[in-house]
Amino acid sequence: MPISGSRRSDYRSWGGTVAGEHLVYRPRSLADARAALTATGGASVLAYGNGRSYGDVGLNPGGRLIDCRGLDRFIEFDRQTGIVTCEAGVRLADILAALCRPDPDGSGWFLPVSPGTRFVTVGGAIANDVHGKNHHREGCFGRHVLGLDLARGDGSVLSCSPQSQPDLFAATIGGLGLTGLILSARVQLRRVVGTGVEAEDIRFAGLDDFFALAAESEAGWEYTAAWIDCLATGAALGRGIFSRARHHAGIGVPPPALDPKIAIPFALPLSPLNRLTLLAFNTAYFHKLGRRGRRRWVGSYEKVLYPLDKIGDWNRLYGARGFFQFQCVVPNTVARDAIAELLARIAASGQGSMLAVLKTMGDLPSPGLLSFPMAGASLALDFPDTGAPTRQLLAALEAIVVAAGGRLYPAKDSVMSAETFRRGYPRLPEFLRYTDPAMSSGFARRVGLDNRLREAA
Amino acid sequence: MTLTAPSRSPSSSPSRAAIFGANSGIAVAVARRLAASGARIVLIGRDGEAIAASARDLLVRGAAEVVEIAGDFAAIGTTGDIVERAWTAFSGIDLALIAYGSLPDQAALEAAPDAVEAMLSLNLASPAVLALHLASRFETQRSGVIAVITSVAGDRGRKSNYLYGAAKGGLQRFLEGLRHRLYAARVQVLDIRPGFVATRMTEHLPRGGPLWAEPDRVAADILRAVERRRAVVYTPWFWRVILGIVCALPRPLFHRTSF
């Protein structure tokens, strides 16, 4: 049965700042997905997962999209080894719900790495080589991928792994969907002593305290990250709350629900998130831990790993204009100063949001050629789109990151220049040898990764 | 220690389920929920490859055992054989879900009425005959559930879809009678009436808006109705209200509407 696509204009980036018309295919089987990939039409094509990328990395305006959410079947799970094989559209939330139920003693299989939302697909997690709060312990998602089946625009399907087609495998991990269509993948889950966690939140007064806490927590705590009060200036610059957690032996908690309890039904024309509410929230949040400034608790990992997943479509809170997300990583040698400079610039602008996250990253290498993480410190935050002022701020932050020898995260980005991308990802020339000429994306064209641009260069 | 483990009550979930039309979007969602509770499941459908992929998926999701049966429900003469094979797979069935059907293009059928026969056959005659084959077995077993997906379209004939509505409305009457017949044998007959569900069957319709439901929500409603031994379930629930109003509209008013 031939598969046909439909013209749609409702595929948008998670930040809401990128939209466009796409010819969309919604395959329900791997065979249909392959047919969609090779369907004639001339226009370039890109896999679309669950739409959680903030910018244009998951979109292909004017071209074709293969919506992989119908490729949601598990293929095999070995309960002894913890190796799961599934189609690319299975979400991390589905793996948690189906495979990560605790045994009576609380232990169980668990995601080796998870980003800040469990509503991403396995294909998307590989294509963006996502990381999580345990990066200093487990590295990127790509480290735990044992193999994948990749369909190419020429009709072939290649089994890639560190052993077979290792170069194409390395290019596909973090390859932003540009090496072909990931059909299925084999992922090594991780055994934990308890699916529940023991967690601690600690208030800190500034960046030096943050880095001290991060260093102190590295050995004993597998999940670490800090919330930063991005409005604080002067002596309070970089103040925030450090959160650390670890799986707790004997404590089993069932997986969280697949659908959020609260949902934001539509985007308001004006965002309720503005300077005033931001100031009120940040001040209150910074003081939430009371006089002691420290709180310890034991319970579900949902609060530690997925605080935002509780609110469905939370991105709509930013209103109809949407928002930008900025995430960078800067190397350890300059991390303290570069982060201070970024925070000072943000605080001076008065922009920024409640969600500012600072985290140190470890030095575990990823197999991916274009993987984002590197040893250093990573800062992530949202900026409501107010037009020119927001773009000017983003450009200023980008310049600071480039000067510090850092890089920006394609999965979050909508604005970085081709030059910034090229400088941040030194293995780019190697990567370009493995791209599939049938694939492209809004991001690829913007930063000069598109094949035609490559040939012209 | 396990902190909490609610929502999983294996005792109330049928341990042997047979799903006729196992590739339909709603059927897949029901099967996944059954698998999570450890059920043994028979999948019957036309597309063998899709059935096989679904079987593997259900095993990973926790199904104790899955049996695949290839069958084409448009060939009504074969439904007796299909039921026989499904019944013997696990020596009996606790929940039989009849989930197949096709959503025809009303205008195309009006333009070419000869195609109506095949549509009525697949949406009315076939499930009725299949349910009759099941009924005698359930009658002897004296327990179990026959659940059939009809549609809100069967509640009142409307110009936009009265041919499909005729098939589904006919099926509703059939189930009403079958329920009467099987009451004495304590066999539940459930008439499932979904509204707009985002599945492959509705792929060609413009989607979105508050009336559309995801298959998993419908599946949850179906299993709750099975648990509560209901006769008819509208899913999502608001369709009961909507159809109550539609059916109550006086004819002169109704005829002026265009839906």
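Each value, and the rule that gives it
- Residues numbered from 1 in each chain as written.
- Chains lettered and ligands numbered in written order.
- Predicted model: local features only at pLDDT ≥ 70, side-chain atom pairs only at ≥ 80, totals over all residues.
- Heavy atoms only, no water.
- Pairing = 2+ DSSP bridges.
- Helix = DSSP H or I, 4+ residues; strand = E, 2+ residues; numbered from the N terminus.
- Axes fitted to C-alpha atoms, helices over the stretch in contact; angles between N-to-C directions.
- Contact = heavy atoms within 4.5 Å.
- Parallel < 35°, antiparallel > 145°, perpendicular 65-115°, else oblique.
- Left-handed = near helix turned anticlockwise from the far one by under 90°.
- Phe/Tyr/Trp six-rings, centres within 6.5 Å; stacked < 30°, edge-to-face > 60°.
- Buried < 20%, exposed > 50% of the residue type's maximum accessible area, 1.4 Å probe, protein only.

Asker: Outline the sheet that holds strand E5 (residues 145-149) of chain B, listing residues and values.
Answerer: All names here are of chain B. Pairing within the open sheet is parallel, and its seven strands lie in the order E3-E2-E1-E4-E5-E6-E9. Pairing within the sheet leaves two strands with one partner each, and these edge strands are strand E3 (65-70) and strand E9 (232-235). Going from strand to strand, the sheet's axes swing by 15 degrees on average, the running direction of each strand aside. Examined bridge by bridge, strand E1 (residues 16-20) and strand E4 (residues 95-98) share four bridges and lie parallel to one another. Considered in E4, the bridge of Ala-18 is made with Ala-96. Here helix H5 (residues 116-141) sits on the sheet and contacts E1, E4 and E5; the angle it forms with E4, its principal contact strand, is near 175 degrees. Contacting E4, E5, strand E6 (188-194) and E9, helix H7 (residues 215-227) crosses the sheet at an angle of about 155 degrees to E6.

Asker: Describe the packing of helix H1 (residues 25-36) of chain B against H7(B), with residues and values.
Answerer: Residues and elements named next belong to chain B. At a minimum axis distance of 8 Å, the contact between H1 and H7 shows a crossing angle of 60 degrees. Taken together, H1 and H7 sit at an angle that is classed as oblique. Seen along the crossing, H1 lies across H7 with a hand that is right-handed. Seen from H1, the contacting residues are Gly-25, Ile-26, Ala-29, Val-30, Arg-33 and Leu-34; seen from H7, they are Pro-215, Asp-216, Val-218, Ala-219, Ala-220, Ile-222 and Leu-223.

Asker: Give a detailed account of the packing of H5(B) against helix H6 (residues 162-182) of chain B, specifying residues and quantitative values.
Answerer: All names here are of chain B. For the pair H5 and H6, the least separation of the axes is 9 Å and the interaxial angle reads 10 degrees. As judged from the angle between their axes, H5 and H6 are roughly parallel. With respect to the hand of their crossing, H5 and H6 are arranged in right-handed fashion. Of the residues in H6, those in contact with Val-116, Met-119, Leu-120, Asn-123, Leu-124, Pro-127, Ala-128, Ala-131, Leu-132, Ala-135, Ser-136 and Glu-139 of H5 are Leu-163, Tyr-164, Ala-167, Gly-170, Leu-171, Phe-174, Leu-178, Arg-181 and Leu-182.

Asker: Break down the packing of aromatic side chains for me, citing the residues and quoting the values.
Answerer: Per the counting criterion, the structure on display carries 22 aromatic pairs over all chains. Judged by centre distance (5.8 Å) and plane angle (50 degrees), the rings of A:Phe204 and A:Phe210 are tilted. Comparing A:Phe204 with A:Phe210 shows no difference in burial state: the two are buried. Arranged with centres 4.0 Å apart and planes meeting at 5 degrees, the rings of B:Phe73 and B:Tyr100 form a pair that is stacked. Of the two residues, B:Phe73 sits in the loop between E3 and helix H3 (79-89) while B:Tyr100 sits in the loop between E4 and helix H4 (106-111), which places them 27 residues apart along the sequence.

Asker: Can you lay out the pairing of E9(B) for me, pointing to particular residues and giving the numbers?
Answerer: Residue and element names in this part refer to chain B. The two faces of E9 match: Val-232 and Tyr-234 on one face and Val-233 and Thr-235 on the other face are all buried. Relative to E9, E6 runs parallel, the two being bridged by four bridges. Looking across to E9, one finds that Asp-191 is bridged to Val-232.

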